[in-house]
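# Descriptive structure summary
As a plain string of letters, each chain reads:
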Amino acid sequence: MASSVPPPPPAIALDGLAKTFPGGVEAVAPTTLTLEAGRTTALVGPSGCGKSTILRLIAGLETPSAGGVDIAGEPPLAIRRRGELAVAFQDPSLLPWRSVRGNVALARTLARRPTDPRAIDRLIDLVGLGGFGDTRPGALSGGMRQRAAIARCLVTEPRLLLLDEPFGAVDELTRRQLAQDLPRIWEARGTTTLLVTHSVSEAVTLADRILVFSPRPATVVADIDVPFERPRAPGLASRPEAITLAERVSSALAEGRAARERSLAAQ
Ligand SMILES: Nc1ncnc2c1ncn2[C@@H]1O[C@H](COP(=O)(O)OP(=O)(O)OP(=O)(O)O)[C@@H](O)[C@H]1O
């Protein structure tokens, strides 16, 4: 989709960011790190460790208990209000009375960008929903709804893209196709992208950097650089160097869990 000169992608700084929910559930331990502008960072960690909470804090959808988030010098809400931040959560909240095309087009209108029907249809095709532009969400499968939500995110040409298990409800073959096609869109625009995933191989294939988290409260246990050239080759996940890297991530996950168990046992 054509646009005027895009603003540069933002870096994200977490400064002592922590979250304890009312009732005492400590989801995120104080975390300080910088996520570089224009790169894709994957967040991997055990279920319930606090990954989605981190994404929601960065999106300004949760209030930190301590510390803060700085996105290119501004708080998350400022970026969100300007429509420069797009979030796709596991459970896509599409408007049920609008078609796929209507949902995608509305996001573009809300971001105060001109709407080009052909560009919207190209994006719908790209996420594998060609022919479903007139269909309402209720008549789509969970995976199709997820893909419509991804199209809705990308159509706003965000500077910052937050994806929470974006391919969770998608079959393996489609997942691979999406993992191949979609990053090209955000890479071409230099979007700063954060991706929560349970799939180690997806993290290795899609990300420039992988942050591995401990069980709750989320603490970074490994910060791994992914050195593979872009665009990523279709068969990358089965290359020996990718397998070695995936094993490093899996070991860090296991070590994070073991360390947490040891510290709980010592208490
Ligand atoms: N609004 C809330 N109020 C109270 N506790 C919450 C709230 N949201 C999340 N939690 C708790 O915080 C912890 C972290 O949740 P979060 O959804 O961030 O984990 P996650 O790593 O994304 O999990 P998964 O991989 O299973 O999606 C969990 O124990 C969850 O029950």
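Residues numbered from 1 in each chain as written. Predicted model: local features only at pLDDT ≥ 70, side-chain atom pairs only at ≥ 80, totals over all residues.

Further remarks concern the sheet that holds strand 8 (residues 209–213). Taking strand neighbours across the sheet as the criterion, the 6 strands line up as 5-6-7-3-8-9 in an open arrangement whose pairing is mixed. If you trace the sheet from one side to the other, it starts and ends with strand 5 (85–88) and strand 9 (220–225), each paired once. Neighbour to neighbour, the strand axes of the sheet diverge by 15° on average, direction disregarded. (Pairing = 2+ DSSP bridges. Helix = DSSP H or I, 4+ residues; strand = E, 2+ residues; numbered from the N terminus. Axes fitted to C-alpha atoms, helices over the stretch in contact; angles between N-to-C directions.)

This brings us to the pairing of strand 5. Going residue by residue along strand 5, you find L85 and V87 tucked away on one face and A86 and A88 tucked away on the opposite face as well. As defined by bridge partners, strand 5 adjoins strand 6 (residues 160–164) across 4 bridges and the pair is classed as parallel. Its bridge partner lying in strand 6, A86 is registered against L161. (Buried ≥ 20, exposed ≤ 12 C-beta atoms within 10 Å, placed from the backbone.)

Another aspect to go through is the UniProt feature "domain: ABC transporter" (unreviewed entry) in the chain. What UniProt calls "domain: ABC transporter" (unreviewed entry) maps, in this numbering, to residues 12–240. Secondary structure within residues 12–240 divides into 32% helix and 24% strand; the distance between the first and last C-alpha atoms comes to 32 Å. (UniProt positions renumbered as here; feature names shortened; annotations may be inferred.)

Around the ligand sit F21, V25, A27, G45, S47, G48, C49, G50, K51, S52, T53 and R216, and that is every residue in its neighbourhood. Residue contributions to the shell around the ligand peak at 3 residues, all from helix 1 (residues 51–58). Class assignment for the residues of the shell around the ligand results in 4 nonpolar, 6 polar and 2 charged. (Near = placed C-beta within 6 Å. Nonpolar A, V, L, I, M, F, W, Y, C, P; charged D, E, K, R; others polar.)

Over its 18 residues, helix 6 (residues 172–189) runs 26 Å from end to end, which matches the ideal 26 Å to within 8%, given 1.5 Å per residue. Along helix 6, the largest kink reaches about 25° and is centred on A179; proline P183 follows within four residues of it. For helix 6, the full list of buried residues reads L178, A179, L182, P183 and W186. Residues of helix 6 that are buried make contact with strand 3 (40–44), helix 5 (142–154), strand 6, strand 7 (192–196) and helix 7 (200–206). (Expected span 1.5 Å × (residues − 1). Bend = angle between axes of the 7 residues up to and from the residue. Contact = placed C-beta atoms within 7 Å.)

Moving on to the confidence of the model for the chain. Considering every residue of the chain, the mean pLDDT works out to 90; 97% of them sit at 70 or more. The secondary-structure element of the chain with the lowest mean pLDDT is helix 6, recorded at 82, while strand 8 shows the highest, at 98. For this predicted complex, the interface confidence comes out at an ipTM of 0.97, alongside a pTM of 0.91. (pLDDT = per-residue confidence, 0-100.)

Right, let's talk about the sheet that holds strand 4 (residues 66–71) for a bit. Judged by pairing direction, the sheet is antiparallel, and its 3 strands sit side by side in the order 2-1-4 without closing on themselves. Each having just a single partner strand, strand 2 (26–35) and strand 4 make up the two edges of the open sheet. With direction set aside, neighbouring strand axes in the sheet form an average angle of 20°. Where strand 1 (residues 12–20) lies against strand 4, 5 bridges are found, and the strand directions are antiparallel. Its bridge partner being in strand 4, A18 is matched across the sheet by A66. Lying over the sheet, helix 1 contacts strand 1, strand 2 and strand 4, oriented at roughly 120° with respect to strand 1.

Moving on: the environment of P117. Mapping P117 onto the fold places it in helix 4 (residues 117–126). A count of 10 C-beta atoms within 10 Å places P117 in the exposed class. In sequence terms P117 and T40 are 77 residues apart; their C-alpha atoms lie 29 Å from each other.

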